[in-house]
Protein chains: 2
Amino acid sequence: MSDSNSSAHHLSLLLYSSSRLLIQQFQIRLNELNLTYPQYLVMSVLWEEDGLLVNKIGQKLHLDSGTLTPLLKKLESMNFVKRNRSESDERTVAIQLTYPGKSLQVKVLELLKPLEENFSEIENPELSTLNHSIKSLLERIESSKNRN
Amino acid sequence: MSDSNSSAHHLSLLLYSSSRLLIQQFQIRLNELNLTYPQYLVMSVLWEEDGLLVNKIGQKLHLDSGTLTPLLKKLESMNFVKRNRSESDERTVAIQLTYPGKSLQVKVLELLKPLEENFSEIENPELSTLNHSIKSLLERIESSKNRN
DNA sequence: TCAATTTAAATTGTATCAAATCTAATCATC
DNA sequence: GATGATTAGATTTGATACAATTTAAATTGA
């Protein structure tokens, strides 16, 4: 399978494997707060900018309402967010952090510190090259999506 | 979230997003054969080496029996593989390709050709750097797993 | 205006994933 | 050779992913 015609196959397998393994490392630590990795991602997005529409969260994480609606309901049941249908446009739902939701950020950062420290061992140039390459790959995939 | 202390967060999000997007590109094409991406991966592993134990497939794809058992039963119901409990060690199950399972390879390769051709546009050095970086990242994660 | 289209979420159904537990078989070692 | 530990798969459970459909609201254009 290392033909000249399997670069995409090879890369997809590497991305598939490495993302799941890295997410597992996050998950192990997040378990202490009963948070899943996707829930943590949504909270991270909201810590950056509170009050986002479901739509907007989906764009940032490349997830649709089929995934987000139940996840956000779960976060609401855990009292980390509130879901409010906007008055100006009744189709949309804005997600607001609650006080416990805001407070969670410090705990999560503390919890994930060891993981981040492990990563700081990797030489910074290498890491930023990797980030850059994956980001440009991601853009490439997205733009090719629109062509098909 | 672009602090000095969020490299792992940032990288995990990139891997999470890009892997799902790339897999979607595969999935779109695989739909024609009613194959899912994980099913395709398992078939790929078997096309490389037939008769592997469930265990061995799991090692290659970083998946456990909780994922593989139902997936392999599905592939068996589609008549692409046969699951045989080994006589020498009754705990293990060897997975054999059927004739339709072997024949499927050519169809899949043909189906995925356009995707592979898209990828060949990316400069080869860049792609091989990316592959190499992710692979070393993957090894890093795996070795750190054993330390924790 | 108002019917047709578009949009945002929610819902439904199928297929993963992974942790935890269970069962049966094998191994180790005395 | 009995027995405690280990191993391979299977099963169970909870939480995603995502395509497809539905519903309600907003927008558009003749």
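In this report, we go over the structure that sits alongside the text. Numbering of residues starts from 1 in every chain and runs along the sequence as written. Each chain takes a letter, starting from A, and each ligand takes a number, starting from 1, following the order in which they are written. Given that the model is predicted, a residue must reach a pLDDT of at least 70 before its local features are reported, and side-chain atom pairs must reach 80 or more before they are shown or counted; all residues, however, enter totals for whole chains, interfaces and linings. Think of the side-chain values as coming from all heavy atoms in the structure, minus any hydrogens and water.

### Some thoughts on the relation of the copies chain A and chain B
Line of reasoning, step 1. Copy-to-copy superposition: least squares on the C-alpha atoms, limited to residues that have pLDDT of at least 70 in both copies. By a simple turn and slide, chain A fits onto chain B: the slide is 0.0 Å along the axis, the RMSD is 0.0 Å, and the turn is 180 degrees. The symmetry that links the two subunits is that of a two-fold axis.
Line of reasoning, step 2. Comparing interface residues between copies, 96% of those in chain A also lie at the interface in chain B; the contact surface is shared. The contact rule is simple, with two residues in contact once any of their heavy atoms fall within 4.5 Å.

### Observations regarding helix H5 (residues 99-120) of chain B
At 3.6 residues per turn, the α-helix brings residues three or four places apart onto the same side.
Residues and elements named next belong to chain B.
Line of reasoning, step 1. Spanning 22 residues, H5 covers 31 Å between terminal C-alpha atoms, matching the ideal 32 Å at 1.5 Å per step.
Line of reasoning, step 2. Across the chain, bend at a residue is computed as the angle between axes fitted to the seven residues ending at that point and the seven starting from it. Counting from the N terminus, the helices are the DSSP runs of H or I reaching at least four residues and the strands are the DSSP runs of E reaching at least two. Maximum bend of H5: about 45 degrees, positioned at Lys 113, with proline Pro 114 one to four residues after it.
Line of reasoning, step 3. The buried label goes to any residue with under 20% of its type's maximum accessible area, the exposed label to any with over 50%, and the partly exposed label to all in between, with areas taken from a 1.4 Å probe on protein chains only. Those residues of H5 that fall on the buried side of the exposure criterion are Gly 101, Leu 104, Val 108, Leu 111, Leu 112, Leu 115, Glu 116 and Phe 119.
Line of reasoning, step 4. Among the residues of H5, the N-terminal cap falls to Thr 98, whose side-chain oxygen and the backbone nitrogen of Gly 101 are separated by 3.1 Å. For a helix, the expected span equals 1.5 Å multiplied by the residue count minus one. Definition of a polar contact: a pair of N or O atoms within 3.5 Å, with one able to donate and the other able to accept a hydrogen when the atoms are protein atoms, and with sequence-neighbouring residues admitted only if both atoms are side-chain atoms.

### Concerning the protein's contact with DNA strand D
Line of reasoning, step 1. Of all residues adjacent to DNA strand D, which total 29 residues, the nearest are Lys 74 of chain A together with Tyr 16, Thr 69, Lys 73 and Arg 83 of chain B.
Line of reasoning, step 2. Whether a residue is near a molecule or strand depends on its heavy atoms: it is near if one of them lies within 4 Å of it. Each atom of DNA strand D within 4 Å of the protein was classed as base or backbone; sugar and phosphate made up 78%.
Line of reasoning, step 3. Interatomic distance of 2.3 Å between a side-chain N/O atom of Tyr 16 of chain B and a phosphate oxygen of DNA strand D.
Line of reasoning, step 4. One of the backbone nitrogen or oxygen atoms of Val 93 of chain B is found 3.2 Å away from a phosphate oxygen of DNA strand D.
Line of reasoning, step 5. The set of elements that each furnish at least two residues to the surface near DNA strand D consists of helix H2 (37-48) and helix H4 (65-77) of chain A together with helix H1 (7-30), helix H3 (54-61), helix H4 (65-77) and strand S1 (81-85) of chain B.

### Side note on helix H3 (residues 54-61) of chain A
Line of reasoning, step 1. Looking only at H3 of chain A, the buried set comprises Val 54, Ile 57, Gly 58 and Leu 61 of chain A. The buried side chains of H3 of chain A occupy one side of the element, clustering within an arc of 100 degrees when seen end-on.
Line of reasoning, step 2. At its buried positions, H3 of chain A is contacted by H2, H4 and strand S2 (93-97) of chain A together with H1 of chain B.
Line of reasoning, step 3. His 62 of chain A, located one to two residues past H3 of chain A, shows a positive phi value of around 60 degrees. For this quantity, the arc is that covered by the directions from the helix axis to the C-beta atoms.

### A short note on the environment of Ser 44 of chain A
Line of reasoning, step 1. Tracing the backbone shows Ser 44 of chain A in helix H2.
Line of reasoning, step 2. Judged by relative accessible area, which is 4%, Ser 44 of chain A ranks as buried.

### Brief notes about the protein's contact with DNA strand C
Line of reasoning, step 1. The environment of DNA strand C is made up of 28 residues, and the closest members are Tyr 16, Thr 69, Lys 73 and Arg 83 of chain A together with Thr 36 of chain B.
Line of reasoning, step 2. Each atom of DNA strand C within 4 Å of the protein was assigned to sugar, phosphate or base; sugar and phosphate come to 74%.
Line of reasoning, step 3. Between DNA strand C and the protein, one listed contact pairs a phosphate oxygen with a backbone N or O atom of Asn 55 of chain A at 2.8 Å.
Line of reasoning, step 4. Taking Glu 90 of chain B, its main chain carries an N or O atom lying 3.1 Å from a phosphate oxygen of DNA strand C.
Line of reasoning, step 5. For the surface near DNA strand C, the secondary-structure elements that each account for two or more residues are helix H1 (7-30), H3, H4 and strand S1 (81-85) of chain A together with helix H2 (37-48) and H4 of chain B.
Line of reasoning, step 6. Top contributing element to the surface near DNA strand C by residue count: H4 of chain A, with four residues.

### Here we look at the interface of chain A and chain B
Line of reasoning, step 1. With 56 residues of chain A at the interface, the matching set in chain B holds 54 residues.
Line of reasoning, step 2. The quantity reported as buried area is the accessible area (1.4 Å probe) lost by two parts once they are put together, taken as the sum for both. Each partner contributes to the roughly 5,600 Å² buried at the junction of chain A and chain B, and carbon and sulfur atoms together form 66% of this total.
Line of reasoning, step 3. Linking chain A with chain B are 15 residue pairs in polar contact (both at pLDDT 80 or more), by the criterion used here.
Line of reasoning, step 4. Looking at the side of chain A that touches chain B, the elements with two or more residues in it are H1, H2, helix H5 (99-120) and helix H6 (124-147) of chain A.
Line of reasoning, step 5. Here the element with the most residues in the side of chain A that touches chain B is H1 of chain A; it accounts for 21 residues.
Line of reasoning, step 6. Only Asp, Glu, Lys and Arg are considered charged in this grouping, and only Ala, Val, Leu, Ile, Met, Phe, Trp, Tyr, Cys and Pro are considered nonpolar; every other residue, Gly among them, is considered polar. Among the residues making up the side of chain A that touches chain B, the classes are represented as 27 nonpolar, 19 polar and ten charged.

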